[in-house]
Every structure is written in C-alpha cells, then in structure tokens.
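The chain contents come next:
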Amino acid sequence: MMSSTKIGLDEANLPAGLRIYAVGDVHGCLSELRNLMDKISVDIHSRPIPEYKIVFLGDYVDRGPDSNGCVQYLMDLSNSDPNIICLLGNHEDKLLKFLNQPMELAESFFGYGGRELCLSYGVEIGCSSVSPADVRDELVHALPSVHLSFLSNLKTHVTFGDYFFVHAGIRPGVALGQQDPHDLIWIRHEFVNHKELF
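These notes cover the structure that comes with them. Computed from a prediction, not measured in an experiment: that's the story for all the values here. (Residues numbered from 1 in each chain as written. Predicted model: local features only at pLDDT ≥ 70, side-chain atom pairs only at ≥ 80, totals over all residues. Heavy atoms only, no water.)

Right, let's talk about the sheet that holds strand β1 (residues 18-23) for a bit. One open sheet accounts for three strands, arranged β1-β2-β3; its pairing is parallel. Of all the strands in the sheet, just β1 and β3 (84-86) have a single pairing partner and so form its edges. Averaged over all pairs of adjacent strands, the angle between their axes in this sheet comes to 20°, without regard to strand direction. Across three bridges, strand β2 (residues 51-56) lies against β3 in parallel orientation. Looking across to β3, one finds that F56 is bridged to C86. Here helix α1 (residues 30-46) sits on the sheet and contacts β1, β2 and β3; the angle it forms with β1, its principal contact strand, is near 165°. (Pairing = 2+ DSSP bridges. Helix = DSSP H or I, 4+ residues; strand = E, 2+ residues; numbered from the N terminus. Axes fitted to C-alpha atoms, helices over the stretch in contact; angles between N-to-C directions. Contact = heavy atoms within 4.5 Å.)

Here the focus is the side chain of Q179. With respect to the helices, strands and loops of the structure, Q179 is situated in the loop between β5 (163-166) and α7 (181-186). Q179 gets classed as buried once you look at its relative accessible area, which sits at 9%. Within polar-contact distance, the side chain of Q179 engages the backbone nitrogen of R171 at 2.8 Å. Those residues in contact with Q179 that lie beyond four places of it in its chain are I170, R171, V174 and L184. (Buried < 20%, exposed > 50% of the residue type's maximum accessible area, 1.4 Å probe, protein only. Polar contact = N/O pair within 3.5 Å; in protein donor to acceptor, adjacent residues only side chain to side chain.)

With that settled, consider the packing of aromatic side chains. Tallying each qualifying case throughout the model produces seven aromatic pairs. For the ring pair F109 and F110, a centre distance of 5.4 Å and an interplane angle of 55° mean the geometry is tilted. F110 matches F109 in its accessibility class, with the two residues each being buried. Linked through ring pairs, F98, F109 and F110 together constitute an aromatic cluster. Between R63 and the ring centre of Y112, over which it is positioned, the NZ or CZ distance is 6.0 Å. (Phe/Tyr/Trp six-rings, centres within 6.5 Å; stacked < 30°, edge-to-face > 60°. Lys NZ or Arg CZ within 6 Å of the ring centre and 35° of its normal.)

Note on placement: D93 falls in helix α3 (residues 90-100). Every residue in contact with D93, bar those within four places of it in the chain, is listed here: L88, I185 and W186.

This part takes up the pattern of salt bridges. Counted according to the given criterion, the structure contains seven salt bridges. The salt bridge partner of D93 is K97, with a shortest N-O separation of 3.0 Å. One end of the pair is D93 and the other is K97, both in helix α3 and four residues apart, which spans about a single turn. Salt-bridge contacts for D183 lead to R171; the nearest nitrogen and oxygen are separated by 2.7 Å. Separated by twelve residues along the polypeptide, D183 in helix α7 and R171 in the loop between β5 and α7 bring together distant segments of the chain. Residue D183 is classed as buried on the basis of its relative accessible area of 9%. Accessibility expressed as a relative area gives 29% for R171, which makes it partly exposed. A single salt-bridge network, built from bridges that share partners, covers R19, D43 and R47. (Salt bridge = Lys/Arg side-chain N within 4 Å of Asp/Glu carboxyl O.)

Structure below.
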C-alpha cells in the first residue's frame, strides 16, 4: 500500500546502493541514444555501485529519423539486461491508437511525427489520395510483430524508494495508487503548473 505522505525532492531517497539513470524522450534519434548509453556505461564503470537501473521514460518513436532502430535497440537492451526498464510515452500510445482508429486519428498521428515513424519502417505517405486506413495497413505489415508486442506491453510507471517514474506526470491531489494511466502518459498543464508538493 502506498503512503499518502508528501515529501520534497530534497527529502526523497532511493534504496541503499541503488543508482537510477532516467532517460527522457528519444524520438527516433538512434545515434544520440547509442551515444548516451555509452556515456552511462562509462559512468557505471567509473563509479561502481551495487545496483543500477536505467529507466527510459517513453517517446521512443516519431519525429527523428529512426523510430524503427530505436525500438529495436531498446527492445534488445531490455531483453538482455534486467536493469533496463522502458515505460510508455504518449507517442507510443498515439501510434497504438492510430493502428486501431486510423481514420479518426490520422491527422494528429501524422502531425505528431507519425510520418517520420512510417518512413523509418519503409512506409511512404506521399500521395494525398492514400487513405489513412491504407497507411495503417501498410504500417501493420511493416511493423515487426515483436516491435508491436514490445510497445503494447510497456508499463506506465515504476517506483524505486521515494521516486515514482512516469512519462508525463501525475494528477495533483490523487494518490499514486489511484492515478489514471492516461494522466501518467498525457497530463501536462495540471502537473507542470502545480506549485505544491504532490
């Protein structure tokens, strides 16, 4: 059962001997992701600690040139190292919803970086006469089933000690155990503008 205690950042603690690396929005930038992982690896080896976790906070896809490569890289990392944790971001959520509702979500999906994602999987969107359902069908065919499974099974949050990791934030005034999963990946202004302790 989660406590309802409010604590400030200067009072928060991790379990003894644990270091966390939290990585935000990768957005299809594979070379930068590899670069960052090299730096984290150097840090782990130069400052040894009994245990570490690398928490990726979502948004692996869209905007950058290699969503496909980022998903494969993170999938391989998390399959080979139990210290790697990948959470769901709103861009993965948008992709999964587009696959189920292409007509309703096409404009927001493509405007969100979905065009770049499609291109990284070899799906061209050039012609305006191509329907969103056709693009969805091509994307479903192009997406490896293991990528779809990986993205569909991402968790919304993880907790270590006093730290609660999510993609977007939490709703003020709601206990952590009662947060709406949609808020964890989509909330913005209510979280960012909140000045009190949560």
